[in-house]
Amino acid sequence: MGSKHDLLPSHLSKRGLKLVLQKVSLQTVAIVSGLLAGFLIGHLYQQHNQVVLVEHLYTNGQSTAKPVKTSYGYKLVVHDFSGLVDSSFHAGSGSSSSSSSSIIDPSFSSSSSGSSSSSSSTGATNSRTVDSGASTHTAVRERRISLAEINAAGGTAAAAGTSGDSGSSSSSSSGAEGQQRFHEGCGKGCSIMFSRSSTTGLTEADKQRISAALKKRAAELPGDSIHALMTGNGSPYQNIQGRIMYSSMKLVQQMPGGSNIKAFTRIMHRTADDDLVGEFPTFRAYPLQPACDTWCEFPVKDRANAVVQWLMAAEQHPQLIQGAWLLLLESDYVWMKPLELPGSAHDMAVQGYGFTYDYIDPSYPAAAKVIKRMCPECSQVSQVPHSGPSPVLLRPHELALVAPDWETYSAWIEGNEHARNAFGWVREMYAWCVAVHKNGVQLTHELPPASRLMAQPPHDWTAGRAAFLHYTWATLYHQDGKEIWRFDKRDWTAKEHELKVPEFKLPPQPWQDSWKLQDGIKVNKALHNITTAMLAQMNKASALLPVIKPQD
């Protein structure tokens, strides 16, 4: 798991390890009155062969907000609007009502009021209205940027800005519009997008429609092409790891078979850019927990919602998907060799891969009881996989089927204290497993050394067939009861190491039979060799990374 406050233990109990998870006492996250004040909420979507940037501005709101379950997923209901719209958006008149309520949904359809299709010229602006019950306010401005403009700039042009912005096709009087843009520095054909709202609330029909659209997109791509996706919140802790993972992937791309990796996208759930948007191709999803930009207790809560936001954007902008296979990753992986594919993604008889975690057990009585309550239609709990949302290799349309339920189940668990206690720190992994089972997505789940995805030293002593290694556990060498060498990802959390990734100290050489791990198990030569190879690959990858200059 990629969190600065990762609670996975740094000790191993025995060779046939069952991961011991610490229970986390979670504070109830209250949504504060006036949460929307000062925030811009927007959604990027494609209409009539143009990219349409929709800006929402809500200010001075004396409101309370809470997530509510719709027919599928969750939306945000906001009560007691007052002073909904900033005057720069020329708010319409109307009296607010204390009993009014509105679903804030940035995904306006083409049939919404204030039709955008009537003004299709580049640079045009229009308004839409948001009905808050008793009063209606003009709350939205649109700025259209043609795809030709973006492509002419190599996919990295500024999309909209205030007066004087060099990247826009025309100046704009709205400072809010300048906040939505394509970031520079990502390379040819790489569009950096971001969403200004965590609202999804997909219906079953939405899910099926998005899945069909992404299946159509994947059919246009080579059956052996891979698009890697890494989720994270942009913290220094995750970015140190993510930079190494991304650079090691580039090393593997140069190996025979590595050219199948066609694209990489970081799905970052964060309110603002971090220092790596120019290095990582990034889709920035608006987080459920804005506080996680600095610190929060469970940032993984935002992951499923962020992936759904990306899928919604991909439906409207299919070029976001560059592989017939999607590979879901976390930051603390290091690539060692190209991934063995199961076959062509176009052959629906070929199953993707999942990874078997021996500490995920849906059949355990306490877990099974919660699963049946959460998913009444999941009668065969024994068939729920022992897996998680990464690493996973699957097709785009399969992810589109699974992710909305993953999001819904994650939210359900977060709202249920008994479920949180039952599943603990890996609760969103259980949400993923149930969503995979519910939607009938067939994946081949493998354990090391058979796993073609991953191995986890020091739990695993050899890489086997794995393409990458996961360093979630610390590896501590002891001799005569004293620690003589250590590698623990939790030691590297500083901003300075995010900007300049350090060189990691290799295990002492040559191997000695007297060394033991922190739990007393002997360090055999195979484990020593895989640990040395992993750290050497990490150093090779980090040596290729530039020193990042912090953003002003």
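The coordinates are above.
This is a predicted model, so every value here is computed, not measured.

Definitions and cut-offs
- Residues numbered from 1 in each chain as written.
- Predicted model: local features only at pLDDT ≥ 70, side-chain atom pairs only at ≥ 80, totals over all residues.
- Heavy atoms only, no water.
- Helix = DSSP H or I, 4+ residues; strand = E, 2+ residues; numbered from the N terminus.
- Buried < 20%, exposed > 50% of the residue type's maximum accessible area, 1.4 Å probe, protein only.
- Contact = heavy atoms within 4.5 Å.
- Areas by Shrake-Rupley, 256 points an atom, 1.4 Å probe, with all protein chains shown as cover.
- Polar contact = N/O pair within 3.5 Å; in protein donor to acceptor, adjacent residues only side chain to side chain.
- Disulfide = S-S within 2.5 Å.
- Expected span 1.5 Å × (residues − 1).
- Lys, Arg positive; Asp, Glu negative; His and termini not counted.
- Salt bridge = Lys/Arg side-chain N within 4 Å of Asp/Glu carboxyl O.
- Phe/Tyr/Trp six-rings, centres within 6.5 Å; stacked < 30°, edge-to-face > 60°.
- Core = buried A, V, L, I, M, F, W, Y, C linked by side-chain atoms within 4.5 Å.

Chemist: Got a minute to help me understand the overall build of the chain in this structure?
Modeler: A count of helical and extended segments in the chain gives ten helices and 20 strands. Buried residues in the chain amount to 58% of all 552 residues. Relative to all contacts within the chain whose residues are 6 or more apart in sequence, the contacts with residues 24 or more apart total 71%. Of the roughly 21,700 Å² of accessible surface on the chain, 51% is carried by carbon and sulfur atoms.

Chemist: Explain the side chain of Arg243 here, please?
Modeler: Tracing the sequence through the fold places Arg243 in helix α3 (residues 236–253). Only 3.1 Å separates the side chain of Arg243 from the backbone oxygen of Leu499, close enough to count as a polar contact. Non-local contacts of Arg243, meaning those with residues more than four positions away in its chain, are made with Leu276, Glu279, Phe280, Glu498, Leu499, Lys500, Val501, Leu545, Pro546 and Ile548.

Chemist: Whenever I open this one, the state of the cysteines confuses me. Can you help?
Modeler: In protein structure, a disulfide is the covalent linkage between the sulfur atoms of two cysteines. Scanning the entire structure with this criterion turns up two disulfides. Linked covalently through their sulfurs, Cys292 and Cys296 form a disulfide whose S-S length is 1.9 Å. Here the S-S torsion is close to 100°, and the disulfide linking Cys292 with Cys296 is therefore right-handed. No difference in accessibility class separates Cys292 from Cys296, as the two residues are buried. Residue pairing for Cys375: its cysteine sulfur links by disulfide to Cys378, the two sulfurs lying 2.0 Å apart. Between Cys375 and Cys378 the disulfide shows an S-S torsion of about 65°. By sign, it is right-handed. Each of the two residues, Cys375 as well as Cys378, counts as buried.

Chemist: Whenever I open this one, helix α8 (residues 427–438) confuses me. Can you help?
Modeler: Spacing of three or four residues puts side chains on the same side of an α-helix, whose turn is 3.6 residues. Given a rise of 1.5 Å per residue, twelve residues ought to cover 16 Å, and the 17 Å separating the end C-alpha atoms of α8 matches this to within 8%. With respect to burial, α8 is a largely interior element, ten of its twelve residues being buried. Of the residues making up α8, those classed as buried are Arg427, Glu428, Met429, Tyr430, Ala431, Trp432, Cys433, Val434, Ala435 and Val436. Phi turns positive one or two residues past the end of α8, at Gly440, with a value near 65°.

Chemist: I keep staring at the side chain of Arg420 and nothing clicks. Help me out?
Modeler: Note on placement: Arg420 falls in helix α7 (residues 417–423). Here Arg420 occupies a buried position and makes no salt bridge, while the nearest side chain of opposite charge, Glu417, is found at 5.0 Å. Here the side chain of Arg420 touches Glu414 through a polar contact of 2.6 Å, landing on its backbone oxygen.

Chemist: Honestly, the packing of aromatic side chains in this entry has me stumped. Any pointers?
Modeler: Aromatic rings in a pair are described by how distant their centres are and how their planes are angled relative to each other. All told, the structure shown has 15 aromatic pairs when counted by the stated rule. Among the aromatic residues, ring-to-ring pairing joins Tyr471, Phe487, Trp492 and Phe504 into one connected group.

Chemist: Help me understand the nonpolar core, please; the structure alone is not making it clear to me.
Modeler: Most often, soluble globular proteins have nonpolar side chains that are buried together. Residues Trp310, Leu327, Trp335, Leu339, Leu399, Trp432 and Phe468 are the most contacted members of the largest nonpolar core, which totals 87 residues. Ranked by residues supplied to this core, first place goes to helix α4 (residues 303–316) with nine residues. Contact partners of Phe468, with chain neighbours within four places excluded, come to Leu327, Leu329, Tyr333, Val334, Trp335, Met336, Pro391, Leu453, Met454 and Ala455.

Chemist: Sorry, what's going on with the pattern of salt bridges here?
Modeler: Between side chains of opposite charge, a pair can form when the charged atoms approach closely. Per the counting criterion, the structure on display carries 24 salt bridges. Here Arg395 makes a salt bridge to Glu398, at a shortest N to O gap of 3.1 Å. The exposure classification of Arg395 matches that of Glu398, with both residues buried. Where salt bridges share partners, they join Glu483, Arg486, Asp488, Arg490 and Asp491 into one cluster.

Chemist: What should I look at first to understand helix α10 (residues 525–543) in this one?
Modeler: Taking 1.5 Å of rise per residue, the 19 residues of α10 would be expected to cover 27 Å, and the 27 Å separating its terminal C-alpha atoms lies within 8% of that figure. Every buried residue belonging to α10 is among Leu527, His528, Ile530, Thr531, Thr532, Met534, Leu535, Gln537, Met538, Asn539, Ala541 and Ser542, and all of these are buried. Looking at the buried side of α10, the elements it contacts are α3, β13 (333–335), β18 (468–470), β19 (475–479) and β20 (482–487). For α10, the capping residue at the N-terminal end is Asn524, with a side-chain oxygen 3.2 Å from the backbone nitrogen of Ala526.

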